[in-house]
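Architecture and fold: a report
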Number of protein chains: 2
Amino acid sequence: MTRSEENYLKTIFHLGGGDAKSITTNAIAEQMETKPSSVTDMAKKLSEKGLVDYVRYQGVSLTDSGVKTALSIIRKHRLWEVFLVKKLDFTWDEVHEVAEQLEHIKSEKLIDKIDELLDFPKYDPHGDPIPTKDGKFQERDEKLLSEIPINSQGVCVGVKDSSVPFLKFLDKNKIALGNTIKVLDKEDFDNSLRIQMDGKEMRISHQIAANLYVKKND
Amino acid sequence: MTRSEENYLKTIFHLGGGDAKSITTNAIAEQMETKPSSVTDMAKKLSEKGLVDYVRYQGVSLTDSGVKTALSIIRKHRLWEVFLVKKLDFTWDEVHEVAEQLEHIKSEKLIDKIDELLDFPKYDPHGDPIPTKDGKFQERDEKLLSEIPINSQGVCVGVKDSSVPFLKFLDKNKIALGNTIKVLDKEDFDNSLRIQMDGKEMRISHQIAANLYVKKND
DNA sequence: AATTAAATTTAGACAAAACTAAAAATAGAT
DNA sequence: ATCTATTTTTAGTTTTGTCTAAATTTAATT
C-alpha cells in the first residue's frame with residue numbers, strides 16, 4: 001500500500017464513498033488538488049486491488065476492504081493529532097499537516113502504543129471521533145450550533161471546518177471545545193446569533209455557527 | 001529533499017564520507033542493497049544540489065551542506081529511537097525499522113518537542129551519540145571491550161553491531177548498557193574473554209567483545 | 001430525438017528512482 | 001608498458017504517479 005493509494009482511500013472515505021455511494025473522479029480530483037485523469041488511473045489500480053468498486057463514467061466507492069484500510073489511516077491520523085496536542089503542546093491548528101505525514105508510518109505496534117500512551121482517546125483535537133482498532137466509530141448525538149432552537153444550549157464538541165483560519169478565529173474569540181454555549185437570539189436578516197458563553201454575551205455570524213458542533217443538554 | 005536523497009546522504013555519512021573522504025559507488029550500493037549504477041545516478045543528482053562532491057570513477061564525499069543534512073536525519077533517527085524505548089516500551093532491537101520511517105517526517109517543531117519531551121538525551125538506545133540541533137557530536141572516550149587490558153574494567157556504553165541477532169544475544173545473556181564489566185582473562189587461542197559482570201563470571205567470544213564499547217574506569 | 005455542454009476517459013509524455021546490459025576507465029600484475 | 005580483472009559509468013527500460021490534449025460518454029435542453 002503506497003502513500004498515494006492511502007491518500008486516495010482516505011479522500012474517498014471523507015467524500016462519503018464509505019457507504020457504497022459512488023464518488024465522481026472530478027470530486028476526488030478537486031479535493032486532492034489533482035487532475036481527473038490522474039484519479040481515473042488510480043481508480044483502476046485500486047479497483048484491481050479490490051479496494052474500490054469502479055464503474056467507468058460512474059465513479060468509485062470503497063469496498064469493505066477499502067473502508068477498513070481508510071479507517072485505519074484515519075485512526076492513525078487522529079491519534080497522532082491527539083499525541084501532538086497532549087504530549088507535545090501543539091495547538092489544534094498546527095497538527096493536521098504533521099499528522100498527514102505521520103499517518104503513513106507503518107507499524108501496528110507503534111500506533112497501538114501511542115493509543116495506550118494517550119489512554120485510548122475517543123475524539124481528536126477537532127472533536128472528530130477516532131475509529132477503534134476494529135474500525136468502529138464512536139457515534140455522538142451532535143448538532144450544528146446554527147440548528148438548535150433559541151434558548152436551548154449545548155456543549156461545544158467539534159468543528160465542521162477545521163481550517164487554520166477558522167481555528168485561529170475560534171482561539172481569538174475564546175471559543176473552545178468543552179465550552180457551554182446558549183443561543184439567546186437569532187437575527188432573521190443575516191442569521192447571526194446572540195450567544196452566551198462563560199457568562200459573557202457575544203454575537204457570531206451564521207458562518208461560524210454553521211461550523212460548530214454542539215451536544216444539546218437541555 | 002526526497003526520502004531517497006536523505007537515505008543516500010545518511011549512508012554516505014555512515015561510510016565515513018563526512019570527513020571529505022571519498023566513498024566509492026560500489027561501497028554505497030552494497031550498504032544500501034542497490035546497484036552501483038543507481039548510485040551513480042543519485043551521485044550526479046546530489047552533486048548538482050551541492051550536497052556531495054562527486055568525481056567520476058573516484059567516488060563521493062559530503063559537502064558541508066551534505067554533512068549538515070545527514071546529521072539532521074541521524075539526529076531525528078536517534079531521537080525517535082529513544083522515544084520508542086523510553087515512552088512506548090519498545091525493546092532496543094525493535095526500534096531501528098520504525099525509526100527509519102520516522103526520521104523522514106518533516107517538521108522541525110516536532111523533533112524539537114520530542115527532544116524536549118525526552119529531556120535532551122545525549123545517546124540513543126544503542127549508545128550512539130545524538131547530534132545536537134547545530135550538528136555537534138557528543139564525543140566520548142570509548143574502547144572496544146576486546147581492546148582493554150586484562151584486569152581493567154569499564155562500563156558498557158554502546159554496541160558497534162546493532163543488528164537484531166546481536167542485540168537479542170546480549171539480552172539473553174543479560175548484558176546491557178550501564179553494566180560494569182571486568183576483563184579477568186584472555187584466551188590466546190581464540191581471543192575469547194573471561195569476564196566478570198554483576199558479580200558473576202562468564203566467557204564471551206572475541207566476536208562479542210569486538211562489538212561492545214566500554215568506557216574504562218580504572 | 002437531436003444537439004450541445006460538461007464530465008470522464010484514453011493516449012501519449014514526463015520525472016523520479018530503480019534496473020540490466022554494454023561500454024569505458026582504473027588499478028594490479030607481470 | 002601492456003594486459004587483464006575489476007570497478008564504474010552510460011544507455012536504454014521499467015514502474016509509479018502525475019500531467020496535457022484529444023476523444024468519448026453522459027446529461028441537459030430544446
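Residues numbered from 1 in each chain as written. Chains lettered and ligands numbered in written order. Predicted model: local features only at pLDDT ≥ 70, side-chain atom pairs only at ≥ 80, totals over all residues. Heavy atoms only, no water.

1. Quick look at the sheet that holds strand β5 (residues 180–186) of chain A
Ordered in space as β3-β8-β4-β5-β6-β7 (chain A), the six strands form an open sheet in which the pairing is antiparallel. Every other strand in the sheet has two partners, leaving β3 (143–144) and β7 (200–204) of chain A as the edge strands with one partner each. (Pairing = 2+ DSSP bridges. Helix = DSSP H or I, 4+ residues; strand = E, 2+ residues; numbered from the N terminus.)

2. Observations regarding the interface of chain A and chain B
With 20 residues of chain A at the contact, the number on the chain B side is 20 residues. Counting every contact that joins chain A to chain B gives two salt bridges. Salt-bridge contacts for A:E94 lead to B:K109; the nearest nitrogen and oxygen are separated by 3.0 Å. Between the two partners, chain A and chain B, sit four residue pairs in polar contact (both at pLDDT 80 or more). Among the secondary structure elements, those contributing two or more residues to the side of chain A that touches chain B are α4 (64–88), α5 (95–102) and α6 (108–117) of chain A. Ranked by residue count, the leading element in the side of chain A that touches chain B is α6(A), at five residues. Split into classes, the residues belonging to the side of chain A that touches chain B amount to 10 nonpolar, three polar and seven charged. (Contact = heavy atoms within 4.5 Å. Salt bridge = Lys/Arg side-chain N within 4 Å of Asp/Glu carboxyl O. Polar contact = N/O pair within 3.5 Å; in protein donor to acceptor, adjacent residues only side chain to side chain. Nonpolar A, V, L, I, M, F, W, Y, C, P; charged D, E, K, R; others polar.)

3. A look at the protein's contact with DNA strand D
Of all residues adjacent to DNA strand D, which total 20 residues, the nearest are A:T2, A:K45, B:N26, B:K44 and B:Y54. By atom count, sugar and phosphate contribute 75% of the portion of DNA strand D lying within 4 Å of the protein. At 2.5 Å, a side-chain N or O of B:K44 approaches a phosphate oxygen of DNA strand D. Counting only elements with at least two residues in the surface near DNA strand D, the list comes to α1 (3–14) and α3 (36–48) of chain A together with α2 (25–32) and α3 (36–48) of chain B. When its residues are assigned to classes, the surface near DNA strand D shows five nonpolar, 10 polar and five charged. (Near = heavy atom within 4 Å.)

4. Let's talk about the relation of the copies chain A and chain B
For the pair chain A and chain B, the superposition axis carries a translation of 0.0 Å, the fit reaches an RMSD of 0.0 Å, and the rotation angle comes to 180 degrees. One copy is carried onto the other by what is essentially a two-fold rotation axis. The rotation axis passes nearest to the C-alpha of A:L102 in chain A, at a distance of 3.9 Å. A share of 100% of interface residues in chain A that are also interface residues in chain B marks the association as one of identical surfaces. (Least-squares fit on C-alpha atoms with pLDDT ≥ 70 in both.)

5. So, the sheet that holds strand β6 (residues 193–197) of chain B
Strand-to-strand pairing in sheets goes through backbone hydrogen bonds, with the strands running parallel or antiparallel. All names here are of chain B. If you trace the six strands from one edge of the open sheet to the other, you get β3-β8-β4-β5-β6-β7, paired in antiparallel fashion. The open sheet has two edge strands, β3 (143–144) and β7 (200–204), and neither has a second partner. Both β3 and strand β8 (residues 212–216) contribute to a ladder of two bridges, which runs antiparallel. Within β8, the residue paired with L144 across the bridge is Y213.

6. A word on the packing of aromatic side chains
By convention here, two paired aromatic rings are described through the distance between centres and the angle between planes. The final tally for this structure, using the stated rule, is five aromatic pairs over all chains. Each ring, one from A:W80 and one from A:F83, has its centre 5.5 Å from the other, and the planes form 85 degrees; the classification is edge-to-face. Of this pair, A:W80 and A:F83 both sit in helix α4, three residues apart, which is roughly one turn of the helix. Judged by relative accessible area, A:W80 falls into the buried class, the value being 1%. Considering the side-chain rings of B:F13 and B:F137, the 6.3 Å spacing of their centres and the 25 degrees angle between planes classify their relative orientation as stacked. One end of the pair, B:F13, is in helix α1 (residues 3–14); the other, B:F137, is in the loop between α6 (108–117) and β3, and 124 residues separate them in sequence. Residue B:F13 is classed as buried on the basis of its relative accessible area, which comes to 18%. Taken together, A:W80, A:F83, B:W80 and B:F83 form an aromatic cluster joined through their ring pairs. (Phe/Tyr/Trp six-rings, centres within 6.5 Å; stacked < 30°, edge-to-face > 60°. Buried < 20%, exposed > 50% of the residue type's maximum accessible area, 1.4 Å probe, protein only.)

7. Things to note about the protein's contact with DNA strand C
Around DNA strand C, a shell composed of 20 residues is seen, among which A:K44, A:Y54, B:T34, B:S38 and B:K45 lie nearest. Sugar and phosphate atoms form 81% of the subset of DNA strand C atoms that lie within 4 Å of the protein. Breaking the surface near DNA strand C down by element, the ones donating at least two residues are α2 (25–32) and α3 of chain A together with α1 and α3 of chain B.

8. Some remarks on the packing of α1(B) against α3(B)
Residues and elements named next belong to chain B. Look at α1 against α3: their axes get within 11 Å of each other, and the N-to-C directions meet at 95 degrees. The angle between the axes of α1 and α3 places the two elements in the roughly perpendicular class. Counting all contacts with α1, which are made through S4, E5, Y8 and L9, the residues of α3 involved are S38, V39, M42, K45 and L46. (Axes fitted to C-alpha atoms, helices over the stretch in contact; angles between N-to-C directions. Parallel < 35°, antiparallel > 145°, perpendicular 65-115°, else oblique.)

9. Regarding the side chain of B:R78
The topology assignment puts B:R78 in helix α4 (residues 64–88). Classification of B:R78 by relative accessible area gives buried; the value is 11%.

10. Description of the nonpolar core
One broad trend across soluble globular proteins is that nonpolar side chains are buried collectively. Counting 34 residues, the largest nonpolar core has A:L110 and B:L110 as its most contacted members. When contributions to this core are tallied by element, the ones reaching two or more residues are α4, α5 and α6 of chain A together with α4, α5 (95–102) and α6 of chain B. What B:L110 contacts, discounting residues up to four positions off in sequence, is A:L84, A:L88, A:F90, A:V98, A:L102, B:W80 and B:I105. (Core = buried A, V, L, I, M, F, W, Y, C linked by side-chain atoms within 4.5 Å.)

11. Points about a negative patch on the surface
A surface patch of like charges, here negative, comprises A:D185, A:E187, A:D188 and A:D190. Within the fold, A:E187 resides in the loop between β5 and β6 (193–197). (Patch = residues over 30% accessible without salt bridge, like charges linked within 9 Å, V, L, I, M, F, W, Y side chains within 5 Å. Areas by Shrake-Rupley, 256 points an atom, 1.4 Å probe, with all protein chains shown as cover. Lys, Arg positive; Asp, Glu negative; His and termini not counted. Charge placed at Lys NZ, Arg CZ, Asp CG, Glu CD.)

12. Structural notes on the packing of α2(B) against α3(B)
Residue and element names in this part refer to chain B. Relative to each other, α2 and α3 sit at 110 degrees, their axes nearing to 8 Å. Judged by the angle between their axes, α2 and α3 are roughly perpendicular. Judged by the twist between their axes, the crossing of α2 over α3 is right-handed. Facing α2, whose interface residues are T25, N26, I28 and A29, α3 presents P36, V39 and T40. Class assignment of the residues belonging to the contact of α2 with α3 gives a composition of four nonpolar, three polar and no charged. (Left-handed = near helix turned anticlockwise from the far one by under 90°.)

13. Focus: the pairing of strand β1 (residues 52–55) of chain A
Residue and element names in this part refer to chain A. Relative to strand β2 (residues 59–62), β1 runs antiparallel, the two sharing four bridges. Its bridge partner lying in β2, V55 is registered against G59. Counted along the chain from β1 to the antiparallel partner β2, the turn is three residues long, and its residue Y57 has a positive phi close to 70 degrees.

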